[in-house]
Amino acid sequence: MAGLKVPAMDEVVLRLEKLLFPSIAGVAVLSVNVDVEIVRVDAQCSATGAACPGCDAWSTQVHSFYLRFPADVPSAGRSVVLQLRVRRFRCGNAMCPRRTFVEQIPGLTRRHGQRTERLRSTLAAVGLALAGRAGARLASVLGLSVSRSTVLRLIDALPDPEAAAPRVVGVDEYATRKGRHYGTVLVDVETSRPIDLLPDREASSLAAWLARRPGVEVVCRDRAPFFAEGTTAGAPQAIQVADRWHLWHNLSDATERSVAQHRHCLRVLVPATPEAESEPAPAADPSGSPWPRGHRFADRTRARHAAVRTLLEAGHSRRSIQRQLGMTYRTVKQLADAQTPEELFTGQWQNRPSVLDEYKTYLDDRWAEGCTNAWKLWEEIVPLGYRGSYQRVRAYVHEKRISPRPVTARAPSPRSVAGWILRRPENLTETEQIRLKTVRTHCPELDALTRHVRSFAIMLADRKGECLPEWLAAVRQDDLPSLHTLAAGIDRDRDAVIAGLTLPWNSGVVEGHVNRIKMLKRQMFGRAGFDLLRKRVLLA
């Protein structure tokens, strides 16, 4: 072809050598055969000798040659078939137990290796990102044929990363089986990298881990007692920092419980309405049936009875009715023999005695106060002696929810009012500010609760941990049992809470790694052993 310059073979070999072995020294490419789908490369080591792996003695005495075919990564969409000519050397050290050894090319081959080092690293990187099954599928798309078990074995063979001695450590728990089995994750807060995973969350395990690292100065944790005990035993010199988010979360729960204890005070926000006229009692069913009109079972039975009687009067046989209506012959016979549908209601009574009857007054009062959650109502009547099921309470609440009643304004829920108290005043709408002010004016306890919450928020945002003892003393002066419980818990962990409200450290980065562990665990469902999970958390 005119004008097309074809490079010499030596130049082609040199270019492919740079492409296939960019950072590997001591490899000489002998020949290259490029096909449509395959690139065949013949190469050999260009070093004059090799060091014995047993005694490090240098040898240039060649014993023999043989060929190795390590799998390599594809190049430009083509599979690479690498034919590597390697030499076996004699060891000249008489004290060495090895008589002969095979040369290895650093960065390319290893003893008994079936893959090149870069292929191993590529597959290991895919496995760290996607685990076994998904990693094997992606590898096949990239032209790397490998099984999912091999991908996992390559991950297991990776060495642990070398981490510098941490100074600020964050510790938290992660679930391997939620509610049953938990482990511990430790993170270097300064570098935001995970340091280690422990298979349990026992205080002794954490203490032993910290004892091996005397350079730890700060430990960020939540308020779990086992982390506090483990840190005290393993690193007594370290400053323990209670996480600020967990403190605010605990305060939020206590605030909602306190508002729920004064839910009757929230009725002040419901506008007064004139007394509604008493509704007339529903007319009794003229047929005398214990099942009123509108009941699902009664209406279905009446409809089926009417359909069967209509077909009988039209001259159809019972077998024909059975086929047309898709009923059993026994059902058709029962409907045909009954002159009225009420005859089929024998033994069915709507208002039979129930174990819930003596608690319905309490449920009605709580419903009027605005509590419409069946589960909470069931939890409230169980201590009062109720021995029935939750399903009965749910059915009764459902009946009240769907029954026709006059539309009236409802008091806000305790969670809504707690949200008004916990949010910044400037972030509340004008209506919310007015309603919260009304509640505070009407209920001194909720007014005191609001003052304590907002003073704690200022202390947390401005890092004024030295004000905590004064805040605890102020809380104990008011009749707020939920806040008293919170204050007692904070008092037991006072030093860590003061450090959390003063120092800049927190456990936010640890929570991020806990969320990442959840994702990695779900990727390895069924194969998520602790060793494999630990490798992926530390290396991915």
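Structure's up top.
## So, the overall build of the protein chain
Argument step 1. The number of helices and strands found in the protein chain is 20 helices and 12 strands.
Argument step 2. For the protein chain, buried positions account for 38% of its 540 residues.
Argument step 3. For the protein chain, long-range pairs separated by at least 24 residues make up 57% of all intrachain contacts whose partners lie at least 6 apart in sequence.
Argument step 4. Per element, the accessible surface of the protein chain, about 31,300 Å² overall, is 53% carbon and sulfur.

## What about the pairing of strand β10 (residues 193–198)?
Argument step 1. Judged by how many residues are buried, β10 sits mostly within the fold: 5 of 6 residues are covered.
Argument step 2. Taking the residues that link successive antiparallel strands as the turn, the strand β9 (residues 181–188)-β10 hairpin has 4 residues, and the phi of S192 there is positive, at about 60°.

## Some thoughts on the nonpolar core
Argument step 1. Grouped together as the largest cluster of nonpolar side chains are 37 residues, with contacts concentrated most on V259, L449, F456, L468, W471 and L483.
Argument step 2. Among the secondary structure elements, those contributing two or more residues to this core are α6 (244–261), α13 (414–422), α14 (430–442), α15 (444–461), α16 (468–476), α17 (481–492) and α18 (494–500).
Argument step 3. With residues near it in sequence (within four places) discarded, V259 still touches L266, P414, V417, A418, I421, L446 and L449.
Argument step 4. L123, A131, L154 and V187 belong to the second largest nonpolar core, which has 24 residues in total.

## So, the sheet that holds β9
Argument step 1. Here 5 strands make up an open sheet; going across it, the order is β10-β9-β8-β11-β12 and the pairing mixed. Strand pairing shows two members of the sheet lacking a second neighbour, β10 and β12 (239–242), which therefore form its edges. Neighbour-to-neighbour, the strand axes of the sheet open up by a mean angle of 30°, direction not taken into account.
Argument step 2. Where strand β8 (residues 168–177) lies against β9, 8 bridges are found, and the strand directions are antiparallel. The residue of β9 that forms the bridge with V169 is D188.

## Quick notes on unusual backbone geometry
With the exception of glycine, the majority of residues adopt a negative phi angle, and the majority of peptide bonds are in the trans configuration.
Argument step 1. The residue H112 is not glycine, and still its phi comes out positive at about 60°.
Argument step 2. Within the secondary structure layout, H112 lies in the loop between β7 (100–102) and α2 (117–141).
Argument step 3. Positive phi values are uncommon outside glycine, yet R463 reaches one of about 55°.
Argument step 4. Summarising the element assignment, R463 is placed in the loop between α15 and α16.

## Description of the packing of aromatic side chains
Argument step 1. Taken as a whole and judged by the stated rule, the model has 7 aromatic pairs.
Argument step 2. When the ring of F89 is compared with that of F101, the centres are 6.0 Å apart and the planes differ by 25°; the resulting orientation is stacked. Residue F89 is found in strand β6 (residues 79–90), and its partner F101 is found in strand β7; the two are separated by 12 residues along the sequence.
Argument step 3. Judged by its relative accessible area of 3%, F101 falls in the buried class.
Argument step 4. A ring pair is formed by W378 and Y390, whose centres lie 6.1 Å apart and whose planes are at 75°; its orientation type is edge-to-face. Taken together, the residues span a long stretch of sequence, with W378 in helix α11 (residues 374–381) and Y390 in helix α12 (residues 390–402) at a distance of 12 residues.
Argument step 5. On the accessibility criterion, W378 (22% relative accessible area) is partly exposed.
Argument step 6. In this structure an aromatic cluster arises from ring pairing among W375, W378 and Y390.
Argument step 7. Taking NZ or CZ as reference, R85 lies 3.9 Å from the ring centre of F65, over its face.
Argument step 8. The cationic tip of R201 hangs over the ring face of Y182; the distance from NZ or CZ to the ring centre is 4.1 Å.

## Considerations on the environment of G49
Argument step 1. Note that G49 resides in the loop between β2 (38–45) and β3 (50–51).
Argument step 2. When the C-alpha positions of G49 and V62 are compared, they lie 8.3 Å apart, and in sequence the two are 13 residues distant.
Argument step 3. Aside from chain neighbours lying at most four places away, what touches G49 is W58, S59, T60 and F89.

## Points about the pattern of salt bridges
Argument step 1. Across all of its chains, the model carries 23 salt bridges by this definition.
Argument step 2. Here R110 and E117 are joined by a salt bridge, their closest N and O atoms 2.8 Å apart.
Argument step 3. Classification of R110 by relative accessible area gives partly exposed; the value is 37%.
Argument step 4. Several salt bridges converge on common partners, so that one network encompasses D160, D196, R534 and K535.

Scoring rules and cut-offs
- Residues numbered from 1 in each chain as written.
- Predicted model: local features only at pLDDT ≥ 70, side-chain atom pairs only at ≥ 80, totals over all residues.
- Heavy atoms only, no water.
- Helix = DSSP H or I, 4+ residues; strand = E, 2+ residues; numbered from the N terminus.
- Buried < 20%, exposed > 50% of the residue type's maximum accessible area, 1.4 Å probe, protein only.
- Contact = heavy atoms within 4.5 Å.
- Areas by Shrake-Rupley, 256 points an atom, 1.4 Å probe, with all protein chains shown as cover.
- Pairing = 2+ DSSP bridges.
- Core = buried A, V, L, I, M, F, W, Y, C linked by side-chain atoms within 4.5 Å.
- Axes fitted to C-alpha atoms, helices over the stretch in contact; angles between N-to-C directions.
- Phe/Tyr/Trp six-rings, centres within 6.5 Å; stacked < 30°, edge-to-face > 60°.
- Lys NZ or Arg CZ within 6 Å of the ring centre and 35° of its normal.
- Salt bridge = Lys/Arg side-chain N within 4 Å of Asp/Glu carboxyl O.

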